[in-house]
Amino acid sequence: MVVRTYKFRLYPNEKQQKKLLQNFRICKEVYNSLLAESRKLWTTRRFDFNLLVKDMKITCPKYYSRAYSQVLQNVSDRLTKSFMNFFRRIKEKKSGKKLKVGFPRFKSRIISITYPQSGFRIIKGNRLYASKIGNLPVKLHRVMKGKIKTMTLKRNNANQWFAYFTCETEKKKTKHCFKKYVGIDVGIESFAVFSNGELIDNPKHLFKSEQKLKKFQRKLSRKKKKSNNRKIARIKVARQYNNIVNQRQDFLHKLSNKITKSYSFIAVENLTITNMVKNHCFAKHINDASWGTFIQMLSYKAVACGGQLVKVNPRGTTTNCSNCGSKQEMPLSTRIYDCPNCGLVLHRDVNSARNIFDYSRAGQARTYTPVDRFAHAFPFSRKVSKLEEAGTTRDEPSKATDAGSHAL
Ligand SMILES: [Zn+2]
(Lines give C-alpha, C1' and ligand atoms only; values in the text may rest on other atoms or scores of the structure.)
Protein backbone atom coordinates (compact mmCIF):
# COMPACT_ATOMS: atom_id res chain seq x y z
CA MET A 1 0.00 0.00 0.00
CA VAL A 2 1.21 3.46 -0.87
CA VAL A 3 -0.28 6.52 0.79
CA ARG A 4 -0.27 9.69 -1.26
CA THR A 5 -1.41 13.14 -0.31
CA TYR A 6 -3.03 15.50 -2.77
CA LYS A 7 -3.24 19.21 -2.09
CA PHE A 8 -5.90 21.45 -3.62
CA ARG A 9 -6.50 25.16 -3.28
CA LEU A 10 -9.79 26.25 -1.74
CA TYR A 11 -11.58 29.56 -2.19
CA PRO A 12 -13.99 29.84 0.77
CA ASN A 13 -16.21 32.93 0.99
CA GLU A 14 -16.20 35.11 4.08
CA LYS A 15 -19.01 33.24 5.76
CA GLN A 16 -17.27 29.91 5.18
CA GLN A 17 -13.96 31.30 6.39
CA LYS A 18 -15.65 32.40 9.59
CA LYS A 19 -17.07 28.92 10.06
CA LEU A 20 -13.68 27.34 9.41
CA LEU A 21 -11.94 29.61 11.90
CA GLN A 22 -14.67 28.91 14.44
CA ASN A 23 -14.02 25.18 13.91
CA PHE A 24 -10.33 25.75 14.56
CA ARG A 25 -11.22 27.58 17.76
CA ILE A 26 -13.54 24.83 18.97
CA CYS A 27 -10.87 22.21 18.24
CA LYS A 28 -8.31 24.23 20.16
CA GLU A 29 -10.64 24.47 23.17
CA VAL A 30 -11.39 20.75 23.05
CA TYR A 31 -7.70 19.94 22.77
CA ASN A 32 -6.75 22.15 25.69
CA SER A 33 -9.52 20.98 27.98
CA LEU A 34 -8.73 17.34 27.21
CA LEU A 35 -5.11 18.04 28.02
CA ALA A 36 -6.08 19.77 31.26
CA GLU A 37 -8.18 16.75 32.20
CA SER A 38 -5.44 14.30 31.34
CA ARG A 39 -2.89 16.18 33.44
CA LYS A 40 -4.79 14.94 36.47
CA LEU A 41 -5.04 11.42 35.14
CA TRP A 42 -1.99 10.70 33.07
CA THR A 43 -0.05 8.73 35.67
CA THR A 44 -2.78 6.10 35.73
CA ARG A 45 -2.52 5.90 31.92
CA ARG A 46 -6.19 5.18 31.84
CA PHE A 47 -8.23 7.75 30.07
CA ASP A 48 -10.60 7.63 27.18
CA PHE A 49 -10.44 10.93 25.36
CA ASN A 50 -13.34 10.00 23.11
CA LEU A 51 -15.56 9.63 26.16
CA LEU A 52 -14.35 12.97 27.47
CA VAL A 53 -15.26 14.59 24.17
CA LYS A 54 -18.74 13.17 24.47
CA ASP A 55 -19.04 14.56 28.00
CA MET A 56 -17.95 17.98 26.79
CA LYS A 57 -20.56 17.94 24.07
CA ILE A 58 -23.28 17.23 26.61
CA THR A 59 -22.33 20.28 28.67
CA CYS A 60 -22.71 22.69 25.75
CA PRO A 61 -24.40 20.90 22.85
CA LYS A 62 -25.25 23.99 20.80
CA TYR A 63 -21.69 25.26 20.71
CA TYR A 64 -19.97 21.96 19.98
CA SER A 65 -22.47 20.96 17.33
CA ARG A 66 -20.91 23.65 15.12
CA ALA A 67 -18.08 21.24 14.45
CA TYR A 68 -18.45 17.85 12.79
CA SER A 69 -18.38 15.08 15.40
CA GLN A 70 -15.55 13.13 13.76
CA VAL A 71 -13.46 16.27 13.52
CA LEU A 72 -13.65 16.53 17.30
CA GLN A 73 -12.85 12.85 17.66
CA ASN A 74 -9.80 13.50 15.52
CA VAL A 75 -8.69 16.15 18.01
CA SER A 76 -8.69 13.51 20.71
CA ASP A 77 -6.73 11.20 18.39
CA ARG A 78 -4.12 13.93 17.93
CA LEU A 79 -3.76 14.29 21.69
CA THR A 80 -3.54 10.51 22.10
CA LYS A 81 -0.74 10.53 19.56
CA SER A 82 1.17 13.21 21.42
CA PHE A 83 0.79 11.18 24.61
CA MET A 84 2.08 8.07 22.87
CA ASN A 85 5.12 10.06 21.79
CA PHE A 86 5.50 11.35 25.33
CA PHE A 87 5.50 7.80 26.73
CA ARG A 88 7.93 6.71 24.04
CA ARG A 89 10.31 9.52 25.02
CA ILE A 90 10.10 8.50 28.69
CA LYS A 91 11.07 4.99 27.68
CA GLU A 92 13.95 6.24 25.55
CA LYS A 93 15.23 8.45 28.35
CA LYS A 94 15.17 5.52 30.76
CA SER A 95 17.22 3.50 28.34
CA GLY A 96 19.86 6.19 28.39
CA LYS A 97 19.10 8.39 25.41
CA LYS A 98 19.69 12.09 25.98
CA LEU A 99 16.49 14.02 25.21
CA LYS A 100 13.84 16.22 26.76
CA VAL A 101 10.76 14.25 27.72
CA GLY A 102 8.41 17.20 27.17
CA PHE A 103 4.86 16.78 28.43
CA PRO A 104 2.25 17.61 25.74
CA ARG A 105 1.62 21.34 25.69
CA PHE A 106 -1.43 23.54 25.56
CA LYS A 107 -2.03 24.98 22.13
CA SER A 108 -2.46 28.67 21.44
CA ARG A 109 -3.99 27.85 18.07
CA ILE A 110 -4.87 24.98 15.81
CA ILE A 111 -4.39 25.58 12.09
CA SER A 112 -6.03 22.54 10.55
CA ILE A 113 -8.97 20.22 11.01
CA THR A 114 -9.20 16.63 9.80
CA TYR A 115 -12.18 14.63 8.62
CA PRO A 116 -10.90 11.11 9.32
CA GLN A 117 -13.32 9.15 7.11
CA SER A 118 -16.57 10.85 6.23
CA GLY A 119 -18.38 14.16 6.21
CA PHE A 120 -16.97 15.36 2.93
CA ARG A 121 -17.43 14.78 -0.78
CA ILE A 122 -16.62 16.37 -4.10
CA ILE A 123 -19.55 17.85 -6.01
CA LYS A 124 -19.50 18.47 -9.76
CA GLY A 125 -15.70 18.72 -9.85
CA ASN A 126 -15.50 22.28 -8.55
CA ARG A 127 -17.10 22.19 -5.13
CA LEU A 128 -16.04 20.41 -1.99
CA TYR A 129 -18.75 19.70 0.51
CA ALA A 130 -17.50 19.65 4.09
CA SER A 131 -19.96 18.92 6.86
CA LYS A 132 -20.74 21.96 9.06
CA ILE A 133 -18.81 24.25 6.72
CA GLY A 134 -20.66 24.12 3.41
CA ASN A 135 -19.82 23.84 -0.26
CA LEU A 136 -16.32 25.19 -0.69
CA PRO A 137 -15.12 26.25 -4.15
CA VAL A 138 -12.11 24.11 -4.97
CA LYS A 139 -9.65 23.93 -7.83
CA LEU A 140 -9.15 20.24 -8.60
CA HIS A 141 -6.10 20.56 -10.82
CA ARG A 142 -5.35 16.85 -10.95
CA VAL A 143 -7.03 13.48 -10.68
CA MET A 144 -6.66 11.58 -7.44
CA LYS A 145 -5.68 7.95 -7.73
CA GLY A 146 -6.77 5.34 -5.24
CA LYS A 147 -9.19 5.35 -2.38
CA ILE A 148 -9.65 8.63 -0.49
CA LYS A 149 -9.15 8.11 3.23
CA THR A 150 -9.00 11.42 5.03
CA MET A 151 -9.41 15.11 4.34
CA THR A 152 -7.69 17.96 6.13
CA LEU A 153 -8.61 21.63 5.78
CA LYS A 154 -5.82 24.05 6.46
CA ARG A 155 -4.94 27.73 6.26
CA ASN A 156 -1.36 28.74 5.61
CA ASN A 157 0.48 31.77 6.95
CA ALA A 158 -0.48 33.76 3.84
CA ASN A 159 -4.18 33.24 4.60
CA GLN A 160 -4.66 30.83 1.70
CA TRP A 161 -6.88 27.78 2.19
CA PHE A 162 -6.11 24.22 1.14
CA ALA A 163 -7.64 20.77 1.28
CA TYR A 164 -5.37 17.74 1.70
CA PHE A 165 -6.63 14.31 0.71
CA THR A 166 -4.76 11.16 1.65
CA CYS A 167 -5.29 8.32 -0.78
CA GLU A 168 -4.29 4.68 -0.64
CA THR A 169 -3.19 2.90 -3.78
CA GLU A 170 -1.73 -0.50 -4.55
CA LYS A 171 2.02 -0.53 -4.98
CA LYS A 172 3.05 -1.08 -8.55
CA LYS A 173 6.22 -3.00 -9.23
CA THR A 174 8.24 -1.55 -12.03
CA LYS A 175 11.70 -2.11 -13.33
CA HIS A 176 13.91 0.01 -15.47
CA CYS A 177 14.13 -1.57 -18.87
CA PHE A 178 17.59 -0.14 -19.47
CA LYS A 179 20.74 0.30 -17.44
CA LYS A 180 22.05 3.83 -17.34
CA TYR A 181 24.29 5.18 -14.64
CA VAL A 182 25.02 8.66 -13.36
CA GLY A 183 26.80 10.46 -10.54
CA ILE A 184 25.38 13.82 -9.44
CA ASP A 185 27.07 16.62 -7.56
CA VAL A 186 25.02 19.48 -6.14
CA GLY A 187 26.69 22.86 -6.09
CA ILE A 188 26.28 26.58 -5.65
CA GLU A 189 27.19 27.77 -9.13
CA SER A 190 25.03 25.24 -10.94
CA PHE A 191 22.26 23.46 -9.13
CA ALA A 192 23.50 20.03 -10.16
CA VAL A 193 26.30 18.60 -12.26
CA PHE A 194 26.24 15.15 -13.85
CA SER A 195 29.21 12.86 -14.25
CA ASN A 196 28.64 12.97 -18.02
CA GLY A 197 29.36 16.70 -17.93
CA GLU A 198 25.79 17.97 -18.10
CA LEU A 199 25.13 21.10 -16.03
CA ILE A 200 21.73 21.94 -14.54
CA ASP A 201 21.45 25.64 -13.78
CA ASN A 202 19.54 27.22 -10.97
CA PRO A 203 16.29 28.48 -12.49
CA LYS A 204 16.59 32.18 -13.26
CA HIS A 205 13.08 33.17 -12.26
CA LEU A 206 13.91 32.16 -8.71
CA PHE A 207 16.49 34.89 -8.43
CA LYS A 208 13.89 37.47 -9.47
CA SER A 209 11.44 36.12 -6.93
CA GLU A 210 14.07 36.32 -4.21
CA GLN A 211 14.78 39.94 -5.05
CA LYS A 212 11.08 40.66 -4.81
CA LEU A 213 10.92 38.95 -1.44
CA LYS A 214 13.78 41.07 -0.14
CA LYS A 215 11.90 44.18 -1.21
CA PHE A 216 8.78 43.06 0.68
CA GLN A 217 10.85 42.20 3.74
CA ARG A 218 12.42 45.67 3.76
CA LYS A 219 8.95 47.22 3.55
CA LEU A 220 7.71 45.05 6.40
CA SER A 221 10.59 46.04 8.66
CA ARG A 222 9.65 49.70 8.27
CA LYS A 223 6.04 49.21 9.36
CA LYS A 224 4.90 50.13 12.86
CA LYS A 225 4.54 47.21 15.27
CA LYS A 226 0.99 45.85 15.63
CA SER A 227 -0.35 48.18 12.93
CA ASN A 228 -2.79 47.09 10.27
CA ASN A 229 -0.28 48.01 7.57
CA ARG A 230 2.20 45.66 9.13
CA LYS A 231 -0.36 42.86 8.97
CA ILE A 232 -0.84 43.45 5.25
CA ALA A 233 2.90 43.64 4.66
CA ARG A 234 3.41 40.41 6.60
CA ILE A 235 0.93 38.59 4.37
CA LYS A 236 2.73 39.93 1.29
CA VAL A 237 6.03 38.55 2.59
CA ALA A 238 4.46 35.21 3.44
CA ARG A 239 2.87 34.94 -0.02
CA GLN A 240 6.08 35.74 -1.81
CA TYR A 241 7.95 33.26 0.39
CA ASN A 242 5.40 30.57 -0.46
CA ASN A 243 5.74 31.44 -4.14
CA ILE A 244 9.46 30.80 -3.97
CA VAL A 245 8.98 27.54 -2.12
CA ASN A 246 6.44 26.44 -4.75
CA GLN A 247 8.65 27.43 -7.67
CA ARG A 248 11.55 25.55 -6.10
CA GLN A 249 9.40 22.54 -5.44
CA ASP A 250 8.16 22.54 -9.03
CA PHE A 251 11.70 22.75 -10.37
CA LEU A 252 12.87 19.94 -8.09
CA HIS A 253 9.96 17.67 -8.97
CA LYS A 254 10.51 18.10 -12.70
CA LEU A 255 14.25 17.61 -12.45
CA SER A 256 14.07 14.55 -10.21
CA ASN A 257 11.39 13.05 -12.46
CA LYS A 258 13.59 13.47 -15.47
CA ILE A 259 16.63 11.97 -13.77
CA THR A 260 14.90 8.96 -12.24
CA LYS A 261 13.18 8.19 -15.54
CA SER A 262 16.37 8.29 -17.57
CA TYR A 263 18.85 6.66 -15.17
CA SER A 264 18.51 3.36 -13.36
CA PHE A 265 21.47 3.91 -11.06
CA ILE A 266 22.06 7.28 -9.41
CA ALA A 267 24.91 8.20 -7.08
CA VAL A 268 24.77 11.33 -4.93
CA GLU A 269 26.65 12.88 -2.04
CA ASN A 270 25.44 11.95 1.40
CA LEU A 271 24.59 15.46 2.56
CA THR A 272 24.34 16.03 6.26
CA ILE A 273 23.52 19.32 7.86
CA THR A 274 26.77 19.32 9.77
CA ASN A 275 28.93 19.36 6.68
CA MET A 276 26.93 22.13 5.10
CA VAL A 277 28.32 25.51 5.95
CA LYS A 278 26.05 27.33 8.32
CA ASN A 279 25.07 30.49 6.53
CA HIS A 280 22.45 33.06 7.42
CA CYS A 281 22.16 34.35 3.90
CA PHE A 282 18.63 33.72 2.75
CA ALA A 283 19.21 32.49 -0.78
CA LYS A 284 21.79 30.08 0.54
CA HIS A 285 19.36 28.84 3.12
CA ILE A 286 16.80 27.93 0.46
CA ASN A 287 19.52 26.29 -1.59
CA ASP A 288 20.63 24.15 1.33
CA ALA A 289 17.10 23.11 2.08
CA SER A 290 16.41 22.25 -1.54
CA TRP A 291 19.44 19.97 -1.90
CA GLY A 292 18.09 17.84 0.91
CA THR A 293 14.62 17.81 -0.62
CA PHE A 294 16.07 17.04 -4.03
CA ILE A 295 17.90 13.96 -2.78
CA GLN A 296 14.82 12.86 -0.87
CA MET A 297 12.73 13.15 -4.04
CA LEU A 298 15.35 11.29 -6.05
CA SER A 299 15.41 8.46 -3.57
CA TYR A 300 11.67 7.80 -3.44
CA LYS A 301 11.18 8.35 -7.15
CA ALA A 302 14.07 6.04 -8.01
CA VAL A 303 12.42 3.31 -5.98
CA ALA A 304 9.07 3.97 -7.69
CA CYS A 305 10.73 3.71 -11.11
CA GLY A 306 12.55 0.52 -10.18
CA GLY A 307 15.90 2.24 -10.05
CA GLN A 308 18.52 2.61 -7.37
CA LEU A 309 19.98 5.57 -5.48
CA VAL A 310 23.30 5.34 -3.66
CA LYS A 311 24.59 7.93 -1.19
CA VAL A 312 28.33 8.40 -1.02
CA ASN A 313 30.52 9.86 1.70
CA PRO A 314 31.48 13.24 0.16
CA ARG A 315 34.98 13.16 1.63
CA GLY A 316 37.61 13.82 -1.01
CA THR A 317 35.18 14.12 -3.90
CA THR A 318 36.34 17.64 -4.75
CA THR A 319 40.04 17.30 -3.98
CA ASN A 320 40.80 13.97 -5.61
CA CYS A 321 41.41 13.44 -9.29
CA SER A 322 38.65 11.35 -10.83
CA ASN A 323 41.11 9.86 -13.26
CA CYS A 324 44.23 8.88 -11.29
CA GLY A 325 43.14 9.44 -7.68
CA SER A 326 45.90 11.88 -6.73
CA LYS A 327 44.99 14.66 -4.36
CA GLN A 328 45.37 18.43 -4.61
CA GLU A 329 44.04 21.49 -2.80
CA MET A 330 40.87 22.86 -4.39
CA PRO A 331 39.91 26.30 -3.02
CA LEU A 332 36.40 27.43 -4.02
CA SER A 333 37.79 30.00 -6.46
CA THR A 334 39.41 27.29 -8.60
CA ARG A 335 36.74 26.32 -11.08
CA ILE A 336 38.77 23.88 -13.13
CA TYR A 337 40.42 20.71 -11.93
CA ASP A 338 43.85 20.51 -13.51
CA CYS A 339 45.64 17.36 -12.42
CA PRO A 340 49.43 17.74 -12.18
CA ASN A 341 49.79 13.97 -12.03
CA CYS A 342 47.91 12.63 -15.05
CA GLY A 343 47.02 15.83 -16.88
CA LEU A 344 43.25 15.63 -16.54
CA VAL A 345 41.52 18.97 -17.11
CA LEU A 346 37.92 19.10 -16.04
CA HIS A 347 35.26 21.37 -14.58
CA ARG A 348 35.62 21.00 -10.81
CA ASP A 349 32.00 19.92 -10.27
CA VAL A 350 32.14 17.38 -13.08
CA ASN A 351 35.25 15.97 -11.43
CA SER A 352 33.32 15.65 -8.13
CA ALA A 353 30.34 14.07 -9.90
CA ARG A 354 32.65 11.47 -11.43
CA ASN A 355 34.24 10.78 -8.06
CA ILE A 356 30.82 10.39 -6.48
CA PHE A 357 29.95 7.91 -9.18
CA ASP A 358 33.23 6.01 -8.79
CA TYR A 359 32.94 5.80 -5.01
CA SER A 360 29.43 4.45 -5.28
CA ARG A 361 30.60 1.67 -7.55
CA ALA A 362 33.53 0.86 -5.29
CA GLY A 363 31.35 0.49 -2.23
CA GLN A 364 32.74 3.82 -1.01
CA ALA A 365 36.18 2.32 -0.61
CA ARG A 366 38.69 4.22 -2.66
CA THR A 367 39.92 2.21 -5.59
CA TYR A 368 42.39 3.67 -7.99
CA THR A 369 41.25 3.01 -11.48
CA PRO A 370 43.86 2.70 -14.19
CA VAL A 371 44.19 5.73 -16.45
CA ASP A 372 42.93 3.87 -19.47
CA ARG A 373 39.74 2.79 -17.78
CA PHE A 374 37.66 5.45 -19.50
CA ALA A 375 40.04 5.81 -22.38
CA HIS A 376 37.50 4.97 -25.03
CA ALA A 377 34.82 7.12 -23.47
CA PHE A 378 37.01 10.12 -22.65
CA PRO A 379 39.38 11.05 -25.38
CA PHE A 380 40.94 13.70 -23.15
CA SER A 381 42.76 11.50 -20.65
CA ARG A 382 45.90 13.27 -21.78
CA LYS A 383 45.96 17.01 -21.43
CA VAL A 384 43.08 18.61 -23.31
CA SER A 385 42.68 22.34 -23.23
CA LYS A 386 39.05 22.59 -24.31
CA LEU A 387 36.52 22.06 -21.57
CA GLU A 388 33.76 21.20 -24.01
CA GLU A 389 35.30 17.85 -24.67
CA ALA A 390 34.64 16.90 -21.09
CA GLY A 391 31.00 16.38 -21.95
CA THR A 392 31.41 12.85 -23.29
CA THR A 393 29.02 10.32 -21.91
CA ARG A 394 29.81 7.41 -19.76
CA ASP A 395 26.39 6.06 -19.21
CA GLU A 396 27.46 2.49 -19.61
CA PRO A 397 30.58 1.92 -17.56
CA SER A 398 30.01 -1.82 -17.68
CA LYS A 399 31.36 -1.72 -21.19
CA ALA A 400 34.40 0.21 -20.12
CA THR A 401 35.52 -2.34 -17.55
CA ASP A 402 34.65 -5.92 -16.89
CA ALA A 403 30.91 -6.36 -17.04
CA GLY A 404 30.66 -8.67 -14.06
CA SER A 405 31.61 -6.15 -11.40
CA HIS A 406 28.87 -3.77 -12.52
CA ALA A 407 25.95 -6.14 -12.45
CA LEU A 408 23.34 -4.58 -10.22
ZN1 LIG B 1 44.98 12.78 -12.17
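Residues numbered from 1 in each chain as written. Predicted model: local features only at pLDDT ≥ 70, side-chain atom pairs only at ≥ 80, totals over all residues. Heavy atoms only, no water.

Caption draft 1: Expanded view of the overall build of the protein chain. Looking only at helices and strands, the protein chain features nine helices and 14 strands. For the protein chain, the proportion of its 408 residues judged to be buried stands at 42%. Restricting to contacts in the protein chain with at least 6 residues of sequence separation, those with at least 24 account for 68%. When the accessible surface of the protein chain is summed, it comes to about 23900 Å², and 53% of that surface belongs to carbon and sulfur atoms. (Helix = DSSP H or I, 4+ residues; strand = E, 2+ residues; numbered from the N terminus. Buried < 20%, exposed > 50% of the residue type's maximum accessible area, 1.4 Å probe, protein only. Contact = heavy atoms within 4.5 Å. Areas by Shrake-Rupley, 256 points an atom, 1.4 Å probe, with all protein chains shown as cover.)

Caption draft 2: Local environment of the packing of aromatic side chains. Using the criterion set out here, one finds 18 aromatic pairs in the structure. A ring pair is formed by tyrosine 115 and phenylalanine 120, whose centres lie 6.3 Å apart and whose planes are at 80°; its orientation type is edge-to-face. Take tyrosine 115 and phenylalanine 120: they sit in the same class, and that class is buried. Aromatic pair phenylalanine 120 and phenylalanine 165: ring centres 6.1 Å apart, planes at 55°, arrangement tilted. (Phe/Tyr/Trp six-rings, centres within 6.5 Å; stacked < 30°, edge-to-face > 60°.)

Caption draft 3: Structural context of the confidence of the model for the protein chain. Of the residues in the protein chain, 83% reach a pLDDT of 70 or more, and the chain-wide mean stands at 81. Element-level mean pLDDT values for the protein chain span from 35 in helix H9 (residues 397–400) up to 96 in strand E2 (residues 112–115). (pLDDT = per-residue confidence, 0-100.)

Caption draft 4: Quick look at the coordination of the zinc ion. For the zinc ion, the full set of protein donor atoms is Cys321 (SG), Cys324 (SG), Cys339 (SG) and Cys342 (SG), and the range of their distances to it is 2.2 to 2.4 Å. Here the zinc ion is ringed by four donor atoms whose angles at the metal span 108 to 111°, and the overall shape comes out tetrahedral. Along the chain, the residues that donate to the zinc ion are spaced as C-x2-C-x14-C-x2-C. A residue is classified by how much of its surface remains accessible, and cysteine 339, at 1% relative accessible area, is buried. In this structure cysteine 342 comes out as buried when scored by relative accessible area, which is 8%. (Donors = N, O, S within 2.8 Å, 3.2 Å for Na, K, Ca; no water. Tetrahedral: all angles 85-135°; square planar, octahedral: opposite > 155°, others 65-115°.)

Caption draft 5: Molecular detail of the pairing of strand E4 (residues 127–130). Covered by surrounding structure in E4 are Leu128 and Ala130 only, the residues Arg127 and Tyr129 on the alternate face being uncovered. Between strand E3 (residues 120–123) and E4, which pair antiparallel one after the other, the connecting turn spans three residues, and lysine 124 there sits at a positive phi close to 55°. Here E4 folds back onto strand E5 (residues 134–139) in antiparallel fashion, the turn holding three residues, of which lysine 132 has a positive phi close to 75°. (Pairing = 2+ DSSP bridges.)

Caption draft 6: Here's a closer look at the sheet that holds strand E8 (residues 181–186). With mixed pairing, the five strands of this open sheet are ordered in space as E10-E9-E8-E11-E12. For this open sheet the edge positions go to strand E10 (199–200) and strand E12 (308–312), each flanked by a neighbour on one side alone. Where E8 meets strand E11 (residues 265–269), four bridges bridge the pair, whose relative direction is parallel. Residue pairing across strands places isoleucine 184 opposite valine 268, the latter belonging to E11. The sheet contacts of helix H8 (residues 348–361) involve E8, strand E9 (192–194), E11 and E12, and relative to E8 the element is tilted by about 130°. (Axes fitted to C-alpha atoms, helices over the stretch in contact; angles between N-to-C directions.)

Caption draft 7: Here's a closer look at the sheet that holds E5. The strand order E2-E6-E7-E1-E5-E4-E3 describes an open sheet built from seven strands, whose pairing is antiparallel. Edge positions in the open sheet fall to E2 and E3, since each of these has one partner strand only. Averaged over all pairs of adjacent strands, the angle between strand axes in this sheet comes to 35°, irrespective of strand direction. In this structure, strand E1 (residues 2–10) lies alongside strand E7 (residues 161–169), joined through nine bridges in antiparallel fashion. Bridge pairing in E7 links threonine 5 to threonine 166.

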